[in-house]
Every structure is written in C-alpha cells, then in structure tokens.
Amino acid sequence: MSKRTSPAPAGLTTGKILSKEEAETIAQKVLAFADPSADTVVMVQLNSAQNSRVARNEITTQLDASLGQVAVTSMMNGKTGAGVTERFDDDGLMQAVQWAEEATREGPGEHGTSRLIKPRTYPVPPGLWSEVTHAVDIEDRIAKAVKAVERTEGYVSAGTLDLAASSMLVANSAGLVAYCRSTTGTMSLTARTADNSGSGWAGKAVNNFDELDTVAVAARATDKADRTRDASAIEPGRYTIILEPDAYAQMIFFMMRYHMDLEGAEAGFTAFTNPAGGSKIGQQIFDERVSFVSDPMDPYGPFCPFNGAGVPFDRTYWFRDGILEKLSYGDDTALERGEEYPLANPVRVRLEPKAGTPLLTLDEMIETCERGVYVSRLTAGFADFRHLVFTGVTRDGTWLIERGRITRPIKNMRYVDSHLFFLNNLEAIGEPVLTSGGAFVLPPVRSRDFNFTALADVV
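Residues numbered from 1 in each chain as written. Predicted model: local features only at pLDDT ≥ 70, side-chain atom pairs only at ≥ 80, totals over all residues. Heavy atoms only, no water.

## Focus: the pattern of salt bridges
Step number 1: For the structure shown, the criterion picks out 21 salt bridges.
Step number 2: Of the charged contacts, one joins Arg 229 and Asp 226 as a salt bridge, the two residues approaching to 3.2 Å between their closest N and O atoms.
Step number 3: One salt-bridge network, held together by shared partners, links Asp 35, Glu 101 and Arg 105. (Salt bridge = Lys/Arg side-chain N within 4 Å of Asp/Glu carboxyl O.)

## Observations concerning the side chain of Thr 394
Step number 1: In this structure, Thr 394 sits in strand β16 (residues 389-402).
Step number 2: Residue classification places Thr 394 among the buried positions, given a relative accessible area of 0%.
Step number 3: Residues contacting Thr 394, with those up to four places away along its chain left out, are Val 375, Arg 377, Leu 378, Asn 412, Met 413, Phe 452 and Val 458. (Helix = DSSP H or I, 4+ residues; strand = E, 2+ residues; numbered from the N terminus. Buried < 20%, exposed > 50% of the residue type's maximum accessible area, 1.4 Å probe, protein only. Contact = heavy atoms within 4.5 Å.)

## Some remarks on the pairing of strand β15 (residues 381-384)
Step number 1: In terms of strand pairing, β15 meets β16 through three bridges, oriented antiparallel. Among the inter-strand pairings, Gly 381 is bridged to a residue of β16, identified as Thr 391.
Step number 2: The loop that links β15 with its antiparallel partner β16 comprises four residues; one of these, Leu 388, has a positive phi angle of about 55°. (Pairing = 2+ DSSP bridges.)

## Quick look at helix α5 (residues 214-227)
Step number 1: If you check α5, its first and last C-alpha atoms are 20 Å apart, about what 14 residues at 1.5 Å a residue would give, namely 20 Å.
Step number 2: For α5, the complete set of buried residues consists of Thr 214, Val 217, Ala 218, Ala 221, Thr 222, Lys 224 and Ala 225. Buried residues of α5, viewed axially, fall in a sector of 160°; they line one side.
Step number 3: Packed against the buried residues of α5 are α4 (138-151), β6 (155-172), β7 (177-193), β8 (199-206), β14 (371-378) and β16. (Expected span 1.5 Å × (residues − 1). Arc of directions from axis to C-beta.)

## What to know about α4
Step number 1: Counted at 1.5 Å a residue, the expected span for α4 with its 14 residues is 20 Å, and the 20 Å between its end C-alpha atoms agrees.
Step number 2: Regarding α4, the residues found buried are Arg 141, Lys 144, Ala 145, Ala 148 and Val 149. Down the axis of α4, the buried set is contained in an arc of 140°. They therefore lie on one face. Residues Glu 139 and Glu 150 are exposed on α4 and point more than 90 degrees away from its buried face.
Step number 3: Of the residues that open α4, the one with a side-chain oxygen 3.2 Å from the backbone nitrogen of Glu 139 is Asp 137. (Polar contact = N/O pair within 3.5 Å; in protein donor to acceptor, adjacent residues only side chain to side chain.)

## Regarding the packing of α4 against α5
Step number 1: Where α4 contacts α5, the two axes come as close as 8 Å, and the packing angle between them is 25°. For the element pair α4 / α5, the angle class is roughly parallel. In terms of crossing hand, the pair formed by α4 and α5 is right-handed. The residues of α5 that touch α4, namely those facing Lys 144, Lys 147, Ala 148 and Arg 151, are Thr 214, Val 215, Ala 218, Ala 219 and Thr 222. (Axes fitted to C-alpha atoms, helices over the stretch in contact; angles between N-to-C directions. Parallel < 35°, antiparallel > 145°, perpendicular 65-115°, else oblique. Left-handed = near helix turned anticlockwise from the far one by under 90°.)

## Considering the nonpolar core
Step number 1: By size, the foremost hydrophobic cluster in this structure holds 50 residues, and its most contacted members are Phe 272, Phe 292 and Phe 319.
Step number 2: Here the element with the most residues in this core is helix α6 (residues 249-258); it accounts for six residues.
Step number 3: If near-sequence neighbours (up to four positions away) are discounted, Phe 292 is found in contact with Ile 252, Met 255, Phe 286, Thr 316, Tyr 317, Trp 318, Phe 319, Val 349, Arg 350, Leu 351 and Leu 423.
Step number 4: Among the nonpolar cores identified, the runner-up in size contains 21 residues, and Val 41, Ala 71, Ile 117 and Cys 180 belong to it. (Core = buried A, V, L, I, M, F, W, Y, C linked by side-chain atoms within 4.5 Å.)

## Quick look at empty space enclosed by the protein
Step number 1: Per the counting criterion, the structure on display carries three cavities of 30 Å³ or more.
Step number 2: Taken together, Lys 16, Ser 48, Ala 49, Gln 50, Thr 133, His 134, Leu 163, Ala 164 and Ala 165 form the lining of the largest cavity.
Step number 3: The residue inventory of the lining of the largest cavity, partitioned by class, reads four nonpolar, four polar and one charged.
Step number 4: Approximately 40 Å³ is the volume found for the second largest cavity.
Step number 5: What lines the second largest cavity is Val 293, Ser 294, Asp 295, Asp 298, Gly 301, Phe 303, Arg 348, Val 349, Arg 350, Ala 439 and Val 441.
Step number 6: Taken together, the residues that form the lining of the second largest cavity break down as five nonpolar, two polar and four charged. (1 Å grid on protein atoms, 1.4 Å probe; cavity = no way out; pocket = protein on both sides within 12 Å on 5 of 7 lines; lining within 4 Å. Points joined across faces, edges and corners; volume = space filled by probe spheres on them. Nonpolar A, V, L, I, M, F, W, Y, C, P; charged D, E, K, R; others polar.)

Put into structure tokens, the structure is as follows:
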C-alpha cells in the first residue's frame, strides 16, 4: 500500500479526545472530498498521553501531549492506496485524500481484494472508558507518583506513571460509522536497595485511575528488593519454575503480534507452519488446560471492538484446550470462505484455564513445589524468531524454592526457552489477572524443566 504522511502544524492537536460528533464531522468532510467512484475508508484518531517519570527517588519529567491523525484509504481498480495527515483543517484533509487516490491511479498501490464493512452496531466494552481517568489533571497525577516515591524512602527507585485517553472513529463510503473511546492508567516501578545488592519490581494497569494504588505497587517493589539482598548462585540447568504473569507477557505479545497470521504460517514463516505444508490449525500446541481467547468485552481486559477499517473483533478462540483453532486472515480468504468480513487480530488476549482446572495462588504453588525457582520478571528477545524461542535474563526478584518454601534469593540467570515449551510442561496454573502493560490477562504458572543456561552478572 502506498502511503504519504503530513505533519501537524503546532497547536492543532490540543484536545484530549474527540467526541463522536466531532470525529464524525471530520470523517464526513473526508468522504465528501473523495472520488465518488472509489471505495473510501477514513479513520480519525486523537490520543492523549500523560506521564510522570521517576528516577533516583525524584520526579524528573512530566509529559502532557495529544496527537491526532486522519488516515484515508482509497480503493479503485483493484488497487489500494493510503494517505495520512495530522492536520484536521480542510487543506490537510484534502491533501490526504489526494495522496490516497494518486496511489491508486498512478502508483503501484496494493493489489488485492478488500470490501467495505457494511453499517453495523458494535458493542460498548464495559469499563473501557472512565470519566475519572479522563478528568485527571497534573496535580492528581503528581500526587499519586509522589506517594509511590515516598513509599520507596531508603531505596533507589525508578519508574513511570502513565495515563492515556484515546478516541477512534472509522467511517466509510458504504455508510459505516463506528466510534470507540478508551482510558488506561499504568504504574511501573523498580526499587533497589541502597547497597545495590537487591532489586524488586512491580506494576499495575487499570482503566479507572481511582483503582491505581501506587503505594501498593511501591510496597511490592521494595519488599522484593529486601528479599533479594545478598543473592547466591545456583548451578544453571533445568528447573521447575514459578512465573508471575508479567514475567512471560512479552512472549505472548510477540506471538500475537508476529505469529498469528494464516498467510505467514502457510508461507513457512511462523511457529505455526506445518512442516508438511500449510498451517498447524487443528494440532495440539499447548497443554489441554490452556486456551487463548480475544474478547473486547473481557471484564478485566476490554478493548475497542473494531480495527482501523471497521472490521469487528468478535470473541475469538485462537487456541482452545491447547489446540490451534484459528489464525487471522484478510478479505481474500474471507471471500473464498463465504464470510462477511476478515478475521482480524487485536493483539489482545486472555489465557483462559480449562473449566474445572484447580487454580492455585502463588503461595499454594510454592507450598506444593519440592524444588524450583520463583521468577518475577524475564527480559525476552528472540533466540529463534521462526520457532518463537526466546533468550534473556531473570530480573528484580529470583528465589530458590526448597520443600515448599522460599529459602534464599539467587543470582539472576540467562535462559533459552519459550512459552511454547513451558505451557506444555504445566504443573499448576492460577487465576488470570491483567498484566502491567494492560494488553493481556494471564495467570501465574508453575512449569517443569525450564532451561537456565548461564549465570547473569546483573542485580
């Protein structure tokens, strides 16, 4: 797809979000400027970001910024082109339309089929929008950040408190108008002991700012820091491991972002490519107690129920009882299957334990573990992109478990492993919770034979 982008002149993107009426007015202008013979889709977004950053027990920076964008997609003669602008005035909107249509007439465009989504009604996810969060001002935000910093007195703390409010409207020349608004609040904090021998981390994500207990986040980080002082080494090898939900959230992101595409799997590029040809749909990938489901109506992790083209995000099981059930696909495949619209991937997902599975707390996982390693966090980078294998190190809280109790902190270790492995070696699973990034609802897990390869010289 050909695309050109225009920057915003200073002072034009000052509002926190756009109301449905404001965004629709902009979208209808774009549709009026467009060639009537083209199929046109317009997306109008305005995102507001607020941030208080902490370093060495002080608030060091403050951010309050808004960024607006209008994206125009034009489809003519079997080609698709796009133009993007950050200007909301008529000249900016007309220029975006012109760029999109020039790409379909004169440029290579993108060849393929793409139907317009017909007018429809989308559900409103409960809890996705909070008036409380939208109304937060800088004084409220600083007050919560200061409380966290005060709770880390005697430690060296660093972290960030982030708030966001966003609006998105999608309209097209077939008459579709879809509007969504959302708010989020997150706190992430690391605390180190004054002698630099211990480090702990904690995080929290919410939609309602009133529910963001920054003191509790700081208390958890400092408690971990205290309990990791003077760590000793153990021999690398394969261990039973207990992972907090945030420890493996990055692995789930990489899977959802880069490996859940049917075309990529059938072309041989992803972990879900079948060596015999095609994809692994229908094959057992995870333990039968594990399902992955995307649902915009998830009460703990709601998200907007459509994408930037208006394609609905329905409740979708990607894996059910450990079996790969679906991979996302575009409109060409949807047409071949006689379906109304493509299967879009929201990159938001819940790990749903199988009904009837006993759900253990972290304390219960420890009490029933003969020998293992408890991990708060893992860094995650690809060791093998094609097969979704990761490498990284433990951080901010790693302990040895012996005969049902944590006996001592241990030095951090490097690993080479994957959730494709440890979610097949499950011994126990807990209650899913919203992870600190706000995108995934994951449980703590206990798994056998996690592969630690070397000691890591980090605190």
